[in-house]
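Residue-level listing of the chains:
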Amino acid sequence: EMLRSLVGSEMCIRDRSNPDLAPEQIKLLDWLATNAIDVKNALGGNPTTLLHGDFRLDNLCFDKQTNEVLVFDWQTLSSGSPGVDLAYFLSASVSETDVDALIVYYHQRLTDLGIDVSFERIRWEYETGLVSMIHTLAPMFYQDLLEFGDDRGPELMQKWIDRTFKKLENIDYEKLLLNIPAPK
């Protein structure tokens, strides 16, 4: 039901924040107004895993002595496409220049662990996850669906949305639903 309430909200976002959005961002929001349910369904057709839901550096603690990572803040736990948490982490925590190298590393680690998934599929899940994030985050921010406080919350959210839009500049999102790579 929440998905249906967000579909079409892109028009309201555009009307409310048009001066802040570039033409290519408006084009993406127009595309999402028509294709958001198909994007969510495509991601939902993937093999699923546990999703943290807020997977970013602020929620990770690294122990250099044991080479372990402790993950905090699990209140948004769900299940879904691994590309959603991958896109969330890379959009919130990593510069655009590091994304490709980290996706290659992620694919190699999965392969080393015996998980048989193609690099193309991981890349597609990441790109589709980014599109899905804009569909979820932008309405929450621009339509005041969540309280971000008066301090640095709104500024951080705007920067995150801007970084996600920036990462989407190099992605042909209009072809994401036409060329879904096989998992293996």
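Residues numbered from 1 in each chain as written. Predicted model: local features only at pLDDT ≥ 70, side-chain atom pairs only at ≥ 80, totals over all residues. Heavy atoms only, no water.

(A) Molecular detail of a nonpolar patch on the surface. A cluster of nonpolar residues, Leu50, Trp74 and Leu77, forms a patch on the protein surface that exposes about 340 Å² of accessible area. Here leucine 50 is to be found in strand β1 (residues 49-51). Taking relative accessible area as the criterion, leucine 50 reaches 62% and is therefore assigned exposed. (Patch = residues over 30% accessible without salt bridge, like charges linked within 9 Å, V, L, I, M, F, W, Y side chains within 5 Å. Areas by Shrake-Rupley, 256 points an atom, 1.4 Å probe, with all protein chains shown as cover. Salt bridge = Lys/Arg side-chain N within 4 Å of Asp/Glu carboxyl O. Helix = DSSP H or I, 4+ residues; strand = E, 2+ residues; numbered from the N terminus. Buried < 20%, exposed > 50% of the residue type's maximum accessible area, 1.4 Å probe, protein only.)

(B) Region of the structure containing the packing of aromatic side chains. In the structure shown here, the tally under the stated rule is 3 aromatic pairs. When the centroid spacing of 5.3 Å and the interplanar angle of 65 degrees are considered together, the rings of tryptophan 31 and tyrosine 173 count as edge-to-face. Separated by 142 residues along the polypeptide, tryptophan 31 in helix α3 (residues 23-44) and tyrosine 173 in the segment after α7 (153-168) bring together distant segments of the chain. Tryptophan 31 gets classed as buried once you look at its relative accessible area, which sits at 11%. Judged by its relative accessible area of 9%, tyrosine 173 falls in the buried class. On the numbers, 5.3 Å between centres and 45 degrees between planes, the contact of phenylalanine 55 with phenylalanine 89 is tilted. (Phe/Tyr/Trp six-rings, centres within 6.5 Å; stacked < 30°, edge-to-face > 60°.)

(C) Structural view of the pairing of strand β2 (residues 60-63). For β2 and strand β3 (residues 68-71), the ladder comprises 4 bridges, and the chain directions are antiparallel. Among the inter-strand pairings, cysteine 61 is bridged to a residue of β3, identified as leucine 70. If you look at the hairpin formed by β2 and β3, you'll find 4 residues sitting between the two strands, and asparagine 67 has a positive phi there, around 60 degrees. (Pairing = 2+ DSSP bridges.)

(D) Structural view of the pattern of salt bridges. Going through the model one piece at a time under the given rule, you end up with 10 salt bridges. Put simply, arginine 56 and aspartate 58 hold a salt bridge, and the shortest N to O gap is 2.8 Å. Taking the relative accessible area as the measure of exposure, arginine 56 reaches 25% and is therefore partly exposed. Judged by its relative accessible area of 58%, aspartate 58 falls in the exposed class.

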